[in-house]
Amino acid sequence: MDVDLAIVGSGFGGALLAIIARQMGLSVALLERGVHPRFAIGESSTPLADFKLAAIADRFGLDWLRPFSKYGTWKATYPQIACGLKRGFSFFRHHPGHDFIPAPGNANALLVAASPDDLHADTHWFRADFDAHLVERAIAAGVAYLDHAEIHRVIHDVGWTIEAIRPEGEKRIRASFLIDATGDGQLLGRALDIKPVDSAHLRARSRALYSHFTGVERWGDLLTEMAGPAAIASHPFPCDAAALHQIIDNGWMWILRFDHGIASAGFSLHPDVHPIRPNESPEAEWQRLLGAHPLLARQFAKAETVRPFVRTGRLQRRLTQAAGADWAMLPHAAGFLDAWLSPGIAQTLFAVERLGKILADDWRSPRRAERLAAYGRSVLNELEWMDEITGTCFECFDRFEVMAPVSMLYFAAAHYCEERERAGKAPPDAAFLLADDPAYRQAASRLCQAAPRIAASDAARFAAEFRAAIAPYNLCGLGDPSRCNMYPFSTAS
Ligand SMILES: Cc1cc2nc3c(=O)[nH]c(=O)nc-3n(C[C@H](O)[C@H](O)[C@H](O)COP(=O)(O)OP(=O)(O)OC[C@H]3O[C@@H](n4cnc5c(N)ncnc54)[C@H](O)[C@@H]3O)c2cc1C
């Protein structure tokens, strides 16, 4: 098979790029080692992801894609493709052996709204359905889709030769350009022997244990049972319609609810403080962690897994190169940090749009290599930036009152970028989350360096320092102590 473009990996990132490339007349092969529908992690979308999805739909003439950019239009247009309602981010701080009890002034809780109402809300993507749908769209668009493809050789010469075994036999694909969309499969990192960043230089440290469940109680109901309606009265949105972050000592748990009764839940754990114990099964570890936190145990008392647990080693990785003259990696193939604050889908969509534009504008032009090099640098820079925020938040888990302002570095940047998008003022090829804004990065770096040493008793002063440092970017009063950690949706326009 001879094609212009080979894309390896048919997650939403690879499938979308394949569709975009077909739209501009390129011949495309999309290779997948598995088969759809299949489970995939990485489910919680954000407003920036929504903006990018809509922008991709508009730029590349994919009208059918646009409804996926909001909960209301998704449900109305694609009721058969499962998703969940995400109104924002919620955080609660737990202590081992103790029930979670809402503290005065929400000192152990934080809710940040991302949308004004359900119709305009973000979504949790049930990836089995969503990715399969995109692959169907790719096939309909004329993409040559090869699943069950076990790639055993990648040759980079004048163009690319990929050799794969499929159930019917050996397949050889020649392509002039290759996109690595394999995520954790890390095809090109291995094939081209690209140097990884020394793991000691990656600030975030976590491993994960996760599955999909039925029967997970709603956290808002448990809070109400425990402490009465006052426990949730100040919440700006239902705390379960969110990327729910349950923070424990040296770790946290995500809970994302889908409308069809399944919830995605997982622990992200410091690998040194919570090492995998010899002979402890993932199920036993899950129960032990829940058992240490009484209200979490109640939340999962009737829960049942609908698929086996996944237990990973350390999650963090980043390569030192993400693109070349005739190849590019999507962000998840170039690196990963953690699910904390859900950056992955949005960053992937930023990359898809940027690569799509390069293919559209400069497929045969001498500018292509230069633009690809800039793309690669941007992807790595974004990963480094998210590592700084994520790692610093993790280092502050023991001081919720310090962690809250640190997490605002993400929310302030996200909100600022959303306002730019809303006003149509985002610079072309703007990086994800202000990663390319030196003034914001420098201010944030100073705060990230200071945060691990700030005592809880000094948190109010640190929060004031935070507000002053990011004031020009803080368009919605983040960090305002009078809000008591509850931030309803607001927009400058
Ligand atoms: C534990 C965890 C939690 C996460 N939570 C979130 C979240 O809440 N929100 C968020 O935004 N992001 C999250 N992410 C990140 C998110 O998963 C990624 O950003 C997203 O999946 C990237 O999509 P993709 O299409 O690039 O790659 P993927 O979704 O990783 O898809 C890769 C595809 O390539 C295929 N493949 C792999 N290797 C090969 C090979 N050698 N040959 C052929 N095919 C191959 C795989 O089968 C798969 O279909 C999370 C990630 C992890 C690990």
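What you see is a predicted model; the values in this text were computed from it and never measured.

Caption draft 1: Geometry of the overall build of the chain. Each helix and strand in the chain was counted, giving 15 helices and 21 strands. Taking 2.2 N^0.38 as the reference for a compact globule, 493 residues should give roughly 23 Å; the C-alpha atoms of the chain span a radius of gyration of 22 Å, in line with that estimate. Summarising its shape, the C-alpha atoms of the chain cover approximately 65 × 50 × 45 Å along the three principal directions. For the chain, buried positions account for 49% of its 493 residues. By sequence separation, contacts in the chain at least 24 residues apart represent 73% of the contacts at least 6 residues apart.

Caption draft 2: Broad picture of the site of the ligand. The environment of the ligand is made up of 37 residues, and the closest members are Gly11, Gly42, Gly183, Gly185 and Gly344. Of all the secondary structure elements, the ones that give two or more residues to the shell around the ligand are helix H1 (12-23), strand E11 (207-214) and helix H11 (344-362). Here the shell around the ligand is composed, by residue class, of 17 nonpolar, 16 polar and four charged. Counting contributing residues per domain, the shell around the ligand is built from domain 1 (1-41 + 128-198 + 319-387) and domain 2 (83-125 + 205-314), each supplying no fewer than three.

Caption draft 3: Structural context of the pairing of strand E5 (residues 109-113). Among the five residues in E5, five count as buried, and that is most of the element. The two faces of E5 match: Ala109, Leu111 and Ala113 on one face and Leu110 and Val112 on the other face are all buried. Inspection of the sheet shows strand E4 (residues 88-93) paired to E5 by five bridges, in the antiparallel sense. Pairing of phenylalanine 89 across the sheet is with valine 112, part of E5. Sheet topology places E5 next to strand E21 (residues 486-487); two bridges connect them, and they run parallel. Residue pairing across strands places valine 112 opposite tyrosine 487, the latter belonging to E21.

Caption draft 4: Structural view of unusual backbone geometry. Cis geometry marks the peptide bond from histidine 36 to proline 37; its omega dihedral reads -5 degrees. Along the chain, proline 37 turns up in the loop between strand E2 (28-31) and helix H2 (47-59). The backbone of asparagine 106 shows a phi angle near 55 degrees, a positive value even though the residue is not glycine. Following the sequence through the fold, asparagine 106 ends up in the loop between E4 and E5. Phi is positive for serine 342, close to 50 degrees, though the residue is something other than glycine. Inspection of the secondary structure puts serine 342 in the loop between strand E20 (335-336) and H11.

Caption draft 5: View of the nonpolar core. Counting 160 residues, the largest nonpolar core has Ala6, Ile7, Leu17, Ala18 and Ala413 as its most contacted members. Counting residues per element, this core draws most heavily on helix H13 (residues 400-422), which supplies 14 residues. When residues no more than four places from it in sequence are discounted, the contact partners of isoleucine 7 are Gly14, Leu17, Ala18, Val28, Leu30, Ile179 and Ala181.

Caption draft 6: Representation of the pairing of E11 in the model. Counting buried positions along E11 yields seven of eight residues, so the element is predominantly enclosed. Strand direction decides the pairing type here: E11 and strand E14 (residues 263-269), joined by seven bridges, are antiparallel. Along E14, the bridge assignment pairs serine 211 with alanine 265. As defined by bridge partners, E11 adjoins strand E16 (residues 310-314) across three bridges and the pair is classed as antiparallel. By the bridge assignment, leucine 209 is partnered in E16 with arginine 311.

Caption draft 7: Region of interest: the domain arrangement of the chain. Segmentation of the chain into domains returns domain 1 (1-41 + 128-198 + 319-387), domain 2 (83-125 + 205-314) and domain 3 (399-493). Centre-to-centre separation of domain 2 and domain 3, based on C-alpha positions: 24 Å. Taken together, the contacts link 16 residues of domain 2 with 10 residues of domain 3. For the side of domain 2 that touches domain 3, the element with the most residues is E5, which contributes five residues. Along the lines of polarity and charge, the residues of the side of domain 2 that touches domain 3 split into nine nonpolar, six polar and one charged.

Caption draft 8: Representation of the packing of H2 against H13 in the model. As a packed pair, H2 and H13 sit with axes 9 Å apart at the nearest point and diverge in direction by 30 degrees. Taken together, the axes of H2 and H13 lie roughly parallel to each other. When you trace H2 past H13, the crossing you get is left-handed. Taking contact as the criterion, the partners of Pro47, Leu48 and Phe51 in H2 are, on H13, Ala414, Cys417, Glu418 and Glu421.

Caption draft 9: How the structure looks around the environment of alanine 323. Along the polypeptide, alanine 323 turns up in strand E18 (residues 323-324). For alanine 323, a count of 26 C-beta atoms within 10 Å translates into the label buried. In this structure alanine 323 touches Ala328, Met329, Leu372, Ala373, Tyr375 and Gly376, once residues within four positions along its chain are discounted.

Caption draft 10: Spatial organisation of the environment of alanine 404. Relative to the helices and strands, alanine 404 is located in helix H13. Looking at alanine 404, the number of C-beta atoms within 10 Å reads 25, which means it is buried. Measuring from C-alpha to C-alpha, the distance between alanine 404 and alanine 463 comes to 8.6 Å, with 59 residues separating the pair along the chain. Leaving out residues up to four positions away in the same chain, alanine 404 has contacts with Leu110 and Asn485.

Cut-off values and rules
Residues numbered from 1 in each chain as written. Predicted model: local features only at pLDDT ≥ 70, side-chain atom pairs only at ≥ 80, totals over all residues. Helix = DSSP H or I, 4+ residues; strand = E, 2+ residues; numbered from the N terminus. Rg over C-alpha atoms; globule rule 2.2 N^0.38 Å. Buried ≥ 20, exposed ≤ 12 C-beta atoms within 10 Å, placed from the backbone. Contact = placed C-beta atoms within 7 Å. Near = placed C-beta within 6 Å. Nonpolar A, V, L, I, M, F, W, Y, C, P; charged D, E, K, R; others polar. Domains from an automatic or database assignment. Pairing = 2+ DSSP bridges. Core = buried A, V, L, I, M, F, W, Y, C linked by C-beta atoms within 7 Å. Axes fitted to C-alpha atoms, helices over the stretch in contact; angles between N-to-C directions. Parallel < 35°, antiparallel > 145°, perpendicular 65-115°, else oblique. Left-handed = near helix turned anticlockwise from the far one by under 90°.

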